[in-house]
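Notes for the structure review
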Amino acid sequence: MTRQLNLNAFLMSTGHHEASWRLPESDPGAAREVSHFQELARIAERGKMDSVFFADSPSLFTNPARRPPTQLEPTVLLAAMATATERIGLIATASTTYEEPYSLARRFATLDAISHGRAGWNVVTSAALDAGANFGYTDNPTHAERYARAGEFVEVVLGLWEGWDDHAEVADKGTGVHTDPDRIRPLDHRGTHFSVRGPLTVGRSEQGRPVVVQAGSSGPGIALAGAYAEAVFTAQRTLEDGQEFYAELKRAVADAGRNPDQVKVLPGIVPIIGATEEEAVAKERELDDLLVHEHALQQLATDIGIPADQIDLDAPLPQDIRPADQIEGNRTRYELTVEFARRDHLTVRQILAKLGGGRGHRTLAGTPEQIADSMHTWFENGAADGFNVMPAALPSGLEDFVDHVVPILQQRGLFREDYEGSTLRDHYGLPVPSHQPRVATLGAAS
């Protein structure tokens with residue numbers, strides 16, 4: 001079959017532009033409404049997109065004055081969205097730093113079971129520096145410590161998911177055996193960070209187990225993705241940067257003894273679509289004009305280590321900013337921000353507009369054809385296997401993408417015209433993973 005794009009819909013309250021809630025047509029309380037997200041999932045499914053996706057953090061994303069701060073727990077929200085859809089994948093973010101492997105594995109296996117094989121777990125190490133205080137930590141773990149824990153965490157989760165054989169539930173009314181105990185195994189993991197016996201209370205789904213997604217682009221993040229990820233969400237702003245990351249990630253996958261074709265690289269894009277380029281640019285300008293720079297400036301000042309009252313909005317980024325190796329939070333995003341600010345000779349005001357529009361992801365304001373052309377170029381030139389689509393305003397931006405960009409991609413043979421399967425693995429073209437038995441069977445355990 002000809003290689004085709006994979007497209008996820010990355011959903012965030014009223015949209016990814018932080019001022020989207022101020023648009024006349026926006027509902028500022030949409031982040032609390034399940035019906036809002038169910039309708040977004042139906043729109044994405046109408047466009048035959050691979051999945052809907054939620055970021056998440058164990059602490060507030062940002063200053064609550066800037067944008068709607070409500071973050072409903074994503075697996076619970078996706079369970080509600082599963083009942084309103086039939087095919088579209090359901091991906092949620094969960095932290096390896098402030099979660100426990102057993103409860104996370106059970107939660108995602110449950111979502112996978114009730115959706116009949118549509119779940120995915122986006123692995124993050126929680127860069128938010130204030131998250132630890134919500135879990136009793138007085139000192140946050142370093143970048144290196146978080147990734148060391150993450151590797152063992154993923155191993156444990158995968159081991160738990162592999163603890164049930166296919167068809168363990170025999171439901172033999174004649175013999176009175178519901179589930180064969182010899183087809184369920186404890187994990188008996190004893191490691192540096194975790195001690196987990198298992199087994200899980202939930203068996204395998206139609207896709208075997210949830211798809212593992214990863215979103216870190218630092219050196220340790222790439223190593224983690226190379227070992228475990230089946231899809232990678234990333235942020236590059238130029239074709240050259242996209243090609244460099246794509247090649248590096250695929251090498252890491254191959255070095256880990258895995259098939260690079262079975263790991264999807266999906267950069268984020270923020271499409272702002274108009275019937276003409278001028279209309280699209282006007283939409284982007286309307287959003288940018290609604291930004292409150294004082295809110296964003298405080299965050300930037302904290303990141304770069306310079307007081308806000310010493311930063312000139314109409315001057316370039318100061319030279320004496322904090323070096324990246326001092327960042328224990330989201331180091332990759334910090335480096336990305338500094339890089340594009342220096343390369344494009346942006347003023348601080350322009351930087352804040354870029355961050356407000358998509359937190360450093362590539363923003364494309366143009367016609368449906370221009371959006372499709374850019375995606376086509378990245379896809380055919382070794383920079384992407386598809387995209388994490390991040391509408392600036394919701395639901396309008398997602399409707400515009402589904403109704404006007406997706407048909408162009410379909411006409412070019414770059415995207416499916418209908419689903420060919422029912423699971424997230426089907427959509428990504430990934431095989432059902434074989435399970436790897438561990439230790440003794442449950443029937444033999446004492």
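What this report covers is the structure whose coordinates are included nearby. (Residues numbered from 1 in each chain as written. Predicted model: local features only at pLDDT ≥ 70, side-chain atom pairs only at ≥ 80, totals over all residues. Heavy atoms only, no water.)

**What to know about the overall build of the protein chain**
Counting its regular elements, the protein chain contains 13 helices and 13 strands. Its C-alpha atoms give the protein chain a radius of gyration of 22 Å, within 12% of the compact-globule value 22 Å for 446 residues. Projected onto its principal axes, the C-alpha positions of the protein chain cover 75 × 50 × 40 Å. Counting all 446 residues of the protein chain, 54% fall into the buried class. Taking all contacts inside the protein chain whose residues are at least 6 apart in sequence as the whole, residues at least 24 apart take part in 77%. (Helix = DSSP H or I, 4+ residues; strand = E, 2+ residues; numbered from the N terminus. Rg over C-alpha atoms; globule rule 2.2 N^0.38 Å. Buried < 20%, exposed > 50% of the residue type's maximum accessible area, 1.4 Å probe, protein only. Contact = heavy atoms within 4.5 Å.)

**Brief notes about empty space enclosed by the protein**
This structure, assessed with the given rule, holds three cavities of 30 Å³ or more. The calculated volume of the largest cavity comes to roughly 240 Å³. Residues that form the lining of the largest cavity fall into these classes: 13 nonpolar, four polar and two charged. Quantified by volume, the second largest cavity comes out at close to 60 Å³. (1 Å grid on protein atoms, 1.4 Å probe; cavity = no way out; pocket = protein on both sides within 12 Å on 5 of 7 lines; lining within 4 Å. Points joined across faces, edges and corners; volume = space filled by probe spheres on them. Nonpolar A, V, L, I, M, F, W, Y, C, P; charged D, E, K, R; others polar.)

**Comments concerning the pattern of salt bridges**
Applying the stated criterion to the full structure yields 17 salt bridges. For Glu73, the salt bridge identified is with Arg107, shortest N-O distance 3.6 Å. Of this pair, Glu73 sits in the loop between strand S2 (51–54) and helix H2 (74–82) while Arg107 sits in helix H3 (residues 101–114); the two residues are 34 residues apart in sequence, bridging distant segments of the chain. Assessed through its relative accessible area of 30%, Glu73 is described here as partly exposed. (Salt bridge = Lys/Arg side-chain N within 4 Å of Asp/Glu carboxyl O.)

**Some words on the packing of H3 against helix H4 (residues 143–161)**
Here H3 crosses H4 at 50°, and the two axes come no closer than 9 Å. Classified by the interaxial angle, the pair formed by H3 and H4 is oblique. In terms of crossing hand, the pair formed by H3 and H4 is right-handed. Between H3 and H4, the contacting residues are Pro101, Tyr102, Leu104, Ala105, Phe108 and Ala109 on the first element and Phe153, Val156, Val157, Leu160 and Trp161 on the second. Here the residues of the contact of H3 with H4 are counted per class, giving eleven nonpolar, no polar and no charged. (Axes fitted to C-alpha atoms, helices over the stretch in contact; angles between N-to-C directions. Parallel < 35°, antiparallel > 145°, perpendicular 65-115°, else oblique. Left-handed = near helix turned anticlockwise from the far one by under 90°.)

**Examining the packing of aromatic side chains**
All told, the structure shown has ten aromatic pairs when counted by the stated rule. Taken together, a centroid distance of 5.4 Å and an interplanar angle of 75° make the contact between Phe37 and Phe54 edge-to-face. Placement of the pair is Phe37 in helix H1 (residues 34–46) and Phe54 in strand S2, with a sequence separation of 17 residues. You'll find Phe37 and Phe54 in the same group, each marked buried. Put simply, the rings of Phe108, Trp121, Phe153, Trp161 and Phe194 pair up and form one aromatic cluster. (Phe/Tyr/Trp six-rings, centres within 6.5 Å; stacked < 30°, edge-to-face > 60°.)

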